[in-house]
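# An overview of the molecular structure
Here's the letter readout for the chains.
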Amino acid sequence: MQAPDDFNPPAGPAEDLQVGLRRILAPNPSPMTYRGTNTYLLGTGDLAVIDPGPLNEAHLDAILDAVQPGQRISHIVVTHSHLDHSPLARSLAERTGAPVLAFGGPETGRSAVMTELAQQGLAGGGEGIDTSFRPDFELPDCATISGDGWQLEVIHTPGHLGNHIALGWGDVCFTGDHVMGWASSLVSPPDGDLTDFMAACHRLRTRDWSVFYAGHGAPISDPSARLDWLINHRLKRETQILEALKVQPGTARELAERIYLDTPPALLPAAARNVFAHLVDLAGKSQVVSEERLSANAQFHIQP
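Right, let's walk through the structure included here.

What counts and what doesn't
- Residues numbered from 1 in each chain as written.
- Predicted model: local features only at pLDDT ≥ 70, side-chain atom pairs only at ≥ 80, totals over all residues.
- Heavy atoms only, no water.
- Pairing = 2+ DSSP bridges.
- Helix = DSSP H or I, 4+ residues; strand = E, 2+ residues; numbered from the N terminus.
- Axes fitted to C-alpha atoms, helices over the stretch in contact; angles between N-to-C directions.
- Parallel < 35°, antiparallel > 145°, perpendicular 65-115°, else oblique.
- Left-handed = near helix turned anticlockwise from the far one by under 90°.
- Contact = heavy atoms within 4.5 Å.
- Nonpolar A, V, L, I, M, F, W, Y, C, P; charged D, E, K, R; others polar.
- Disulfide = S-S within 2.5 Å.
- Buried < 20%, exposed > 50% of the residue type's maximum accessible area, 1.4 Å probe, protein only.

Moving on to the sheet that holds strand β8 (residues 144-147). Across the sheet, which stays open at both edges, the 5 strands sit in the order β8-β9-β10-β11-β12 with mixed pairing between neighbours. Only two strands of the sheet have a single neighbouring strand rather than two, namely β8 and β12 (211-214). Between one strand axis and the next, the sheet turns through 25 degrees on average, direction left out of account.

Pasting the structure below:
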C-alpha cells in the first residue's frame, strides 16, 4: 500500500487526462474499489470506452453525456469481468450499437491448477465475478483494436483474473486492476493466480511505459518503479511464508495468523487467501508440498 494520495475527483464529469483521453469516475467507492471505477474514453471521433464499470444508471448517463457532437462510441473494451468493471458493457452496447470486446468470458484464461481448484469447490474471496459476461468479440493476446486516430494493443495479463488484459496505447498502458497505485492487486484463488500475476508483471516490466492508467486510483507516473514495488512486495511475502514453514508446517489460515500479526480477525480470511495464492505458486515451483491434495485447507511444509 502506498501513502494516501489526494486522488478524489467527483463521480460523473468527464475529465481530460491528455489529448484524446478522458476519465469518468463511477459512483462505486468501497474498500475494494477505492474512489470508484475509472472509465476511460479514448479518441476524438470514434471513441473507445475502456471499462464501462458497474451496473449503474447514473454512470451510464454520464458516459453517454460525455459523447460530444461529431463523436460516437465505436468500441467497448473490458479489461476483466469483475462486477465493478464489466456489467455496464451490455447496457452501453444496447444504447450505442458498439460491440463489446474482451479476452473472453469469466473463466477464460484460468490456469489448469486454478481450474482444478474451482472444480473442487473453491470459490469466492474476490471482488465478485460478472458470471453472465460474454463479449461480442474475443481479443487474443497481441491483437490490435483500431479507431479513428487511435490504436490499442491487447496484452494478456492474467493473475488478478484469468481473462484480464492490459491495453497499450503507444507508450501509455491501461492496466485495469493488474497494476494500481493506491494498493497492490488482489490475487485470490481460484480466480486469481499468483504465478500468472508475477509473469505478467515481468512482461510489462520489459517495456518503457510513460504512464499507467489504472482501473482505480490516480495515474501512475513511474510505471517501472511501481512494477518493481509490486514484484518485490510479493517476493517479501514469499520469503515470510517460507521462513514460517521452516519453523512449523501449517495451513494457509495458520500461516496467515503467524505472519499477519497486526491484521484484525475479520480480515484474516482474506489474508489466508493471499497466503494460499503464494502456496500454490510455491508448490508449482517445487519449494513447498501439501500433505494431501492441493487445497486451501491442506497442511503445507517445505519441500524436502
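In this section: the packing of helix α6 (residues 252-259) against helix α7 (residues 268-284). A packed helix pair is summarised by two numbers, namely the angle formed by the two axes and the spacing between the axes. At a minimum axis separation of 8 Å, α6 and α7 run at an interaxial angle of 110 degrees. Taken together, the axes of α6 and α7 are roughly perpendicular relative to one another. Considering how the two elements wind past one another, α6 and α7 form a crossing that is right-handed. Counted together, Ala 252, Arg 253, Leu 255, Ala 256 and Glu 257 of α6 and Leu 268, Pro 269, Ala 271, Ala 272, Val 275, Phe 276 and Leu 279 of α7 form the full contact between these two elements. Residues belonging to the contact of α6 with α7 are distributed by class as follows: 10 nonpolar, no polar and 2 charged.

Attention shifts here to the side chain of Ser 111. Locating Ser 111 in the fold gives a position in the loop between β6 (100-102) and α3 (112-119). With residues near it in sequence (within four places) discarded, Ser 111 still touches Asp 193 and Asp 196.

Taken as a whole and judged by the stated rule, the model has 0 disulfides. Cys 173 forms no disulfide, and the closest cysteine sulfur to it belongs to Cys 201, at a distance of 11 Å.

Here the amide bond leading from Pro 189 into Pro 190 is cis, since omega sits at 5 degrees, within 30 degrees of zero. With respect to the helices and strands, Pro 190 occurs in the loop between β11 (172-176) and α4 (194-205). A positive phi angle, close to 60 degrees, is found at Asp 51, a residue other than glycine. Its location among the elements puts Asp 51 in the loop between β4 (46-50) and α1 (57-65). We classify Asp 51 as buried; its relative accessible area is 2%. Located in the positive-phi region is Cys 142, a residue other than glycine, with phi close to 75 degrees. Among the structural elements, Cys 142 can be located in the loop between β7 (137-138) and β8. Using a relative accessible area of 49% as the deciding quantity, one classes Cys 142 as partly exposed.

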